[in-house]
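Reading the structure
Read off the chains here:
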Amino acid sequence: MPAPPSACRTASSWCCSDCCRWRSAISAWRCGGGRGRHGGRCGIEVTALDALLRWLDLAGIAVFAASGALVASRKRMDAVGFILIAAVTGFGGGTLRDLLLGRTPPFWLRDPTWLAVASSVAVAVFFTAHRIESRFRALLWADAVGLALFAVLGAEIALLAGARPWAAVLLGVVTATFGGVARDVICNEIPLLLRKEIYALAALAGAAVYVLLRVEGVWRDPALLAGMAVAFGIRAVAIRRGWSLPAYRPRLGRDYPDR
Amino acid sequence: MPAPPSACRTASSWCCSDCCRWRSAISAWRCGGGRGRHGGRCGIEVTALDALLRWLDLAGIAVFAASGALVASRKRMDAVGFILIAAVTGFGGGTLRDLLLGRTPPFWLRDPTWLAVASSVAVAVFFTAHRIESRFRALLWADAVGLALFAVLGAEIALLAGARPWAAVLLGVVTATFGGVARDVICNEIPLLLRKEIYALAALAGAAVYVLLRVEGVWRDPALLAGMAVAFGIRAVAIRRGWSLPAYRPRLGRDYPDR
Amino acid sequence: MPAPPSACRTASSWCCSDCCRWRSAISAWRCGGGRGRHGGRCGIEVTALDALLRWLDLAGIAVFAASGALVASRKRMDAVGFILIAAVTGFGGGTLRDLLLGRTPPFWLRDPTWLAVASSVAVAVFFTAHRIESRFRALLWADAVGLALFAVLGAEIALLAGARPWAAVLLGVVTATFGGVARDVICNEIPLLLRKEIYALAALAGAAVYVLLRVEGVWRDPALLAGMAVAFGIRAVAIRRGWSLPAYRPRLGRDYPDR
């Protein structure tokens, strides 16, 4: 995997020059657009896939924010609560990844776009959640898209930050899942991903495929597509067929004391 | 807004020289006093307002610690639990802010004063919580003071760390609210601020007013006072009149499956 | 206490050269072995105690992971949930310590050994938890070993990172206890250590003894042993005799409103 140019490694964290460092679609968007503003400085071609990824990434934030707002609606929070939970769900995974990698401040403090998207979604859900019943299944599917996207993009960011391949896979899983865990913990529920559905496993598979392909020298774009396809495919099958991993079942005679 | 002198930006994080970097009352206190020890080096005048702010800041920690200890008393924890919850409530917001800004170690690991204050308050509550009933309303008001103070001071620290204005406002809100959220999450309650009262909104308004005034070139001291007045005023009205934002109310026919 | 050589302070975070910086048994293990790979460069003797500590440290991770997996079994999670909770319990304390110290990435992203151990333990518990009833008491004791070890090693790492003595003691307590708190919070339980048993206090005593001895000039190895002995001893007595600190008991007439 080619390392980013060394000049980029030392870029200041608050300015936009890390669109140069990360060289990824997601960062180019964060910095306010690719070729127009930074292309000349960074000399990075913005491909058609990059443009698509930007929108998918934004869609991922929006979808996770919507899932957070739906939980807020079940807890009967006010509008501020909706926005806070939406932001926690949408930004949580990327924030923990950035903290673990030592990338501060995290992405949502560098560009207000993310916050604007999450807030808008939260407000929209606040006024329409009673009609969303019929769209719940659609939300599940969109959530699967977000999961696939964040697992792969999280792994990519970790790789570019110098993480070894297995660590990059882990960080992809963290990026894709921690937002939902934080949402459930704050709302006082046991994270459902931990006991019901194939969720973390799909993120793990997608991130692993992406990292494996990159380590083997495959170009970024096909590797991204393959990783996302694997993650989304596994999650899709799990949703359609109701697949889940076997949960632990207690047996007779096991009743150890509280711990 | 004038940037801090560049020499200060590289100050080592464990030593006290960041009283130079932050140039704020809160830091001067943390470093053990203003003009006496560091004034000569930093050339910063310690104004009367600075001295007042030091005490208010300490009062803020104390009040948040007391609210944490009160929750601990409802959960019937032991004295160590009281201290831990008090520390989490008092330090949580500032710690998350410092982690997001990349300022490590956080403030409470640099000066033992904070821990001493939080512990003393926790122990005091442990022995007097049964008498505090009549003081509950007083606590609410003191808590509002802490909220106002931390929102504005958190935004100031973020500004001095180089955050853009909107990011500084967000970090002010994080500073003022995260301690209470962490307290409620650890104690297994849904954070009440998320569903009942105007709380985060007051912090947001105060931090926004402060940052706006600073960006417009207003001096620090009047801007601090104005920001705190706005945050405290909104919170005060909310307490007095029982104001709250409209919470989400479910309508008939909305009963989507568990997620 | 002698400071680490200054060249070590600037070592890059992803590579193994911080076995040089930390000069501790735990780091030598993390870097894949002491004298063989790094001894020549760092000039650190690996003593017999170092070798023992490596295994104890690994045992600590394993035991905390097992306690996490046991909680997962009570919540009837699937195998992935077992692994996630085991990892959170085993790595949580060290991760928070590393984040607070600004040491990124945290240890478990630098060497896959830790993850392999935690995962293996989680899978083993998944298949054997119904038989573990009779071993619950053994687990309690092993957990006490982990507590003692992590409190002292966490304090050591903080000292070497430049923390002042009282801050190092705090970070030792954080290292020893936060994993269990995160486990309970994610599983939606009130952290039991906060209300039932002498737990945090044992970690505090052990870390304090270690740091005190080090500050007084005692060598590392006897100080480590003394600190661990104190922490384990206090915890052992608490388990054997059912000692606990007096919890707060509500009195008549105290019924303040919800907050």
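Everything quoted here is computed from the prediction, not taken from an experiment.

Now for the pattern of salt bridges. This structure, assessed with the given rule, holds 15 salt bridges over all chains. Between Arg97(B) and Asp98(B) there is a salt bridge whose closest N-O contact spans 3.1 Å. Each of the two residues, Arg97(B) as well as Asp98(B), counts as buried. Here Arg220(C) ties to Asp221(C) by a salt bridge, and the two come within 3.9 Å at their closest N and O atoms. Classification of Arg220(C) by relative accessible area gives buried; the value is 10%. Taking relative accessible area as the criterion, Asp221(C) reaches 23% and is therefore assigned partly exposed. Bridged by salt links that share partners, the residues Arg97(A), Asp98(A) and Arg103(A) form one connected network.

Another aspect to go through is helix H11 (residues 220-241) of chain A. Residues and elements named next belong to chain A. Its 22 residues place the ends of H11 32 Å apart at the C-alpha level, agreeing with the 32 Å of an ideal helix rising 1.5 Å per residue. Taken together, the buried positions of H11 are occupied by Arg220, Ala223, Leu224, Gly227, Met228, Ala231, Arg235, Ala236, Ala238 and Ile239. Phi turns positive one or two residues past the end of H11, at Gly242, with a value near 65°.

We now examine the UniProt feature "domain: Glycine transporter" (unreviewed entry) in chain A. Sites flagged by UniProt as "domain: Glycine transporter" (unreviewed entry) map to residues 55-129 and 140-213 of chain A. Spanning residues 55-129 of chain A, this segment combines 80% helix with 0% strand, and its end C-alpha atoms are found 24 Å apart.

Here we come to the packing of helix H10 (residues 200-215) of chain A against H11(A). Residues and elements named next belong to chain A. In the contact formed by H10 and H11, the axes pass within 8 Å of each other and the chain directions differ by 160°. Classed by the angle they form, the pair H10 and H11 counts as roughly antiparallel. Between H10 and H11 lies a crossing whose hand is right-handed. Between H10 and H11, the residues in contact are Ala202, Ala205, Gly206, Val209, Tyr210, Leu213 and Arg214 and Arg220, Ala223, Leu224, Ala226, Gly227, Val230, Ala231, Ile234 and Arg235, respectively. A per-class count over the contact of H10 with H11 returns 11 nonpolar, two polar and three charged.

What counts as what
Residues numbered from 1 in each chain as written. Chains lettered and ligands numbered in written order. Predicted model: local features only at pLDDT ≥ 70, side-chain atom pairs only at ≥ 80, totals over all residues. Heavy atoms only, no water. Salt bridge = Lys/Arg side-chain N within 4 Å of Asp/Glu carboxyl O. Buried < 20%, exposed > 50% of the residue type's maximum accessible area, 1.4 Å probe, protein only. Helix = DSSP H or I, 4+ residues; strand = E, 2+ residues; numbered from the N terminus. Expected span 1.5 Å × (residues − 1). UniProt positions renumbered as here; feature names shortened; annotations may be inferred. Axes fitted to C-alpha atoms, helices over the stretch in contact; angles between N-to-C directions. Parallel < 35°, antiparallel > 145°, perpendicular 65-115°, else oblique. Left-handed = near helix turned anticlockwise from the far one by under 90°. Contact = heavy atoms within 4.5 Å. Nonpolar A, V, L, I, M, F, W, Y, C, P; charged D, E, K, R; others polar.

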